[in-house]
Structure formats: structure tokens, C-alpha cells
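Residues per chain, in single letters:
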Amino acid sequence: MKLPIFLDNHSTTPMDPRVLETMLPYFVEKFGNAASRNHAFGWAAEEAVESARKQIAKLIKADPKEIVFTSGATESDNLAIKGVLEMYREKGDHIITSSTEHRAVLDTVKSLEGKGKATATYLPVDKFGMVSPEDVRNAITEKTILISIMLANNEIGTINPVKEIGKIAKEKGILFHCDATQGVGKIPVDVQEMGIDLMSFSAHKIYGPKGVGALYVRKKNPRVRIASQMDGGGHERGMRSGTLPVPLIVGFGKACELCEQEMVKDTARLIAMRDRLEASIMKALEESYLNGHPTTRLPGNLNISFAYVEGESLLMGMKDIALSSGSACTSATLEPSYVLRALGVGTDLAHSSIRFGLGRFNTNDEIDYTVKKVVEVVTRLREMSPLYEMAKEGVDLKSVQWAAH
Ligand SMILES: *Cc1c(COP(=O)(O)O)cnc(C)c1O
């Protein structure tokens, strides 16, 4: 076993060596521009791009013509939301989204609101982080033109009832955008069955290269139109100008193909390792709480709050394991995760949370090591905590009158 261990697979994933191998020829020998129509270099590049487009479309049950390449899911979210708002301005300006979306969605919607270009409803989630389809239905007004709800959450892994939301959107004739970055390649995704009109996803979250992603844009029932956000050569059917990064696209295609072929096997392995990690930690450490849905959750996700322990201190104590804490380091303050707060997790427990993100290349030995380390460090930190000592002695901490400084 090699240290450090990477258990932060929601933030990015290591590239699969098989993906790299397919990319390599496209950097030097096959360097053509896919938009060059009149020579063999261009044709070879175009052929590679179109073959990747097919691999990507197949994974989500789309038509290859419905795939628009972008630089990643952040750009896809921006293009979908701003593109729809601009294109359908006469129909209305209201967006329905949720409070636990990724910043790429939330900040895009907030930016449009700030410029007076949109109005928005941010739906709450239940204690497991799930959006209620009925809440979506009730939030619809005459001015609603877009519903943007994520498939699976990047912090707690909770999977939303996307199919039900898609059905409501269709029934009401409203476009449905889904940020599926954490779900595509990990759980089955079918844009037809789920009633999705626009969908964002990214290569580097599924063992592909960084810097490439896609926006699925429905072509039929209905034919979705979006205003381009970049002016230029009119690539990608006019929706996203810019020379295509052929090697990255080839890698993205291969990454999707591997996910499709290995999803069943990977999922079973990940669930077994994740459940063992969860059970071992919970058994050894009292007052540890699971965040997110107990079952309707991504296979590789485990988010736990350890009462009386600062997540940041816990991470400092385990520098040989790469993990994320539920505290987002913003410019001046250490703020607890807005996702955990939206579930109703208190500030203290939100600051005590750790996200374990398991992926394709993690091993059982790494999980064993992680259990041992987490139990050791949490126990040590608690032994040093006066609050934990008081709680153990039966003092009701809420009743304590703290002395003023
Ligand atoms: C990672 C992530 C993004 C951003 O993707 P990039 O390709 O890094 O821009 C957006 N949404 C979700 C849910 C993510 O997990």
C-alpha cells in the first residue's frame, strides 16, 4: 500500500491508464484540428471526436448529435442556465432550483438574479438532502421556464428523484436541466426515461482528463434551443465555439465506455468497501452520525459527523489520507457546509463532518488503514476535548452557563 491514500474522488478522480493510452496519439501524431475539412489531418481528428461522441451518448442513452463539448461541468451549467434564460426570455424568467446544488449552478442563478435577468426559487431539501417532486410542482408559476435540479449531491451523495421531477417538467412544458456530474458513470442514467432536456457532466469525475465536459441538449420532444455564450467559429452546432480539444475528448469517450462496461462490477466493489468503512467506524466510535440518505446514495460516498471533533483538526491528524471536511474555507471565515446546513445539521456537527469519496482505484488495504487512523485520531482528539469529557460525565451542555470573557 502506498501513502498518501486518495479518498477524495468527488473532487476529482485519477485518470484510468487505459484512458491515457487512447489519448496519447492525439497529442503529437494525430494533432489535426477537427474543424479542418480539407485534409487528412482534419479528417482523422474529426473521426476521433465523432467516435468519442458516440461513446459518451451511449452511456446516457442520448443521440450523439445531442452532445455539446465544453471545458467541464461548470461551463455546461453556465451554458445551460444562461443559454435557456436568454433564448426563452419572452416566455418568462423564473428558475426553480434547490439549496444544495453545486456552486456552478447556484452562483450562475445568483448572478442572473443580481443582473435582473432572472427570478429564482431555491427549494429546501429533507433531512436526507432530497428534493421533493411535489415542492417542484408547487413552485411552478406562469413565468417558470427552467427547473435545474442535480442528480446526485457532491457532498452527501444523496440521489434525487429525477425521473419524477422530469415527469412534472414535461407535464407543465418546462425545460429540465440536471447537473449529473456526480451521477453519470456511477449510476445508470437515461435521459429519455428521466425526462431530462439538458444535462451537465464532466470527464475528470469519471477517471477521464480534466478540462473537458459535455452538455446534453435534447433534439426532439422538445427540440431545445440555447443561446451560445461564446462567439466565434460556430463549433458544436453553433452552441459552443472554440477548437475542440481532441485528445481530451478522445479520453472522455474512453472513460465513458469503461464506466459503461464496468459499472456493475465497480458499483458492487465500491458498495462493499464503503459499507465496511461505515460499519467499522460507527461500531468503534460513538456519537458518529451519517449525513445524507442511508440507501439512496452514490456507491462511493460516505459523509460522517464526529461529535466533539473539528473536521479540520481531524484532517490535520491524518495527513496521509486525502479527504474533505464539511467546512468550506472562504476568504476570511471557516464556514460550515451550506449543504449540511440545508439538511438541518447544526453548525457544530457540520464543522465535525468528513467526506470519504471512494473510487475505482481504492483497495481494501486502504480502507483498513483509514478505519484504524480515523478511530485513533478521533479518540485522541476527544480525549483532549473538555466538552467531550463533560458530556461523558453526564453534564447537559445546553444547560451550562458559560462564563463571560
Ligand atoms: C465537480 C462538479 C462540478 C464542476 O465540474 P468541473 O468539470 O470541475 O467544472 C459541477 N457540479 C457537480 C455536482 C460537481 O460535482
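A. Fine view of the pattern of salt bridges. Summed over the entire model, instances satisfying the criterion amount to 20 salt bridges. Here Asp-8 and Arg-355 are joined by a salt bridge, their closest N and O atoms 2.9 Å apart. Of this pair, Asp-8 sits in the loop between β1 (5-6) and α1 (17-23) while Arg-355 is found in strand β15 (residues 353-357), placing the two residues 347 residues apart along the sequence. Assigned by exposure class, Asp-8 and Arg-355 land together as buried. Here Glu-46 makes a salt bridge to Arg-37, at a shortest N to O gap of 3.9 Å. When its relative accessible area of 59% is taken as the criterion, Arg-37 is described as exposed. Among the charged side chains, a network of salt bridges with common partners joins Asp-16, Arg-18, Glu-262, Asp-266 and Arg-360.

B. How the structure looks around the sheet that holds strand β2 (residues 67-70). The strand order across the open sheet formed by seven strands is β2-β8-β7-β6-β5-β3-β4, and the pairing between neighbours is mixed. Bordering the open sheet on either side are β2 and β4 (119-123), each of which pairs with just one other strand. Recorded for the sheet is a direction-independent mean angle of 20° between the axes of neighbouring strands. Here strand β6 (residues 175-179) runs beside strand β7 (residues 198-202); their pairing, made up of three bridges, is parallel. Its bridge partner lying in β7, Cys-178 is registered against Met-199.

C. How the structure looks around the site of the ligand. Around the ligand, the surrounding shell consists of Gly-72, Ala-73, Thr-74, His-102, Met-150, Asn-154, Asp-179, Thr-181, Gln-182, Ser-202, His-204 and Lys-205. Thr-181 places a side-chain nitrogen or oxygen 3.5 Å from a nitrogen atom of the ligand. In the model, an oxygen atom of the ligand is placed 2.6 Å from a nitrogen or oxygen of the Ser-202 side chain. Coverage of the ligand by the protein chains reaches 87% of its 380 Å² of free accessible surface. Tallied by class, residues from the shell around the ligand come to two nonpolar, eight polar and two charged.

D. Fine view of the packing of helix α2 (residues 40-59) against helix α7 (residues 246-284). Where α2 contacts α7, the two axes come as close as 8 Å, and the packing angle between them is 30°. With respect to α7, the axis of α2 lies roughly parallel. Crossing angle aside, the handedness with which α2 passes α7 is left-handed. Contact residues: α2 offers Ala-45, Ala-48, Val-49, Ala-52, Gln-55, Ile-56, Lys-58 and Leu-59, while α7 offers Val-246, Ile-249, Val-250, Phe-252, Gly-253, Lys-254, Cys-256, Glu-257, Cys-259, Glu-260 and Met-263.

E. Seen up close, the packing of aromatic side chains. The full count for this structure, using the stated rule, is five aromatic pairs. Judged by centre distance (5.3 Å) and plane angle (35°), the ring pair of Phe-31 and Phe-41 falls under tilted. With Phe-31 in the loop between α1 and α2 and Phe-41 in helix α2, the pair connects residues that are 10 residues apart, well separated along the chain. According to the relative accessible area criterion, Phe-31 is exposed, its value standing at 52%. Look at Tyr-207 and Phe-361: their rings are 5.7 Å apart centre to centre, the planes differ by 90°, and that puts the pair in the edge-to-face class. Taken together, the residues span a long stretch of sequence, with Tyr-207 in the loop between β7 and β8 (213-217) and Phe-361 in the loop between β15 and α11 (364-383) at a distance of 154 residues. Since its relative accessible area comes to 37%, Phe-361 is described here as partly exposed. Among the aromatic side chains, those forming a connected cluster through ring pairs are Phe-69, Phe-201 and Phe-252. It is Lys-110 that lies over the ring of Tyr-122; its NZ or CZ is 5.7 Å from the centre.

Analysis parameters
Residues numbered from 1 in each chain as written. Predicted model: local features only at pLDDT ≥ 70, side-chain atom pairs only at ≥ 80, totals over all residues. Heavy atoms only, no water. Salt bridge = Lys/Arg side-chain N within 4 Å of Asp/Glu carboxyl O. Helix = DSSP H or I, 4+ residues; strand = E, 2+ residues; numbered from the N terminus. Buried < 20%, exposed > 50% of the residue type's maximum accessible area, 1.4 Å probe, protein only. Pairing = 2+ DSSP bridges. Axes fitted to C-alpha atoms, helices over the stretch in contact; angles between N-to-C directions. Near = heavy atom within 4 Å. Polar contact = N/O pair within 3.5 Å; in protein donor to acceptor, adjacent residues only side chain to side chain. Areas by Shrake-Rupley, 256 points an atom, 1.4 Å probe, with all protein chains shown as cover. Nonpolar A, V, L, I, M, F, W, Y, C, P; charged D, E, K, R; others polar. Parallel < 35°, antiparallel > 145°, perpendicular 65-115°, else oblique. Left-handed = near helix turned anticlockwise from the far one by under 90°. Contact = heavy atoms within 4.5 Å. Phe/Tyr/Trp six-rings, centres within 6.5 Å; stacked < 30°, edge-to-face > 60°. Lys NZ or Arg CZ within 6 Å of the ring centre and 35° of its normal.

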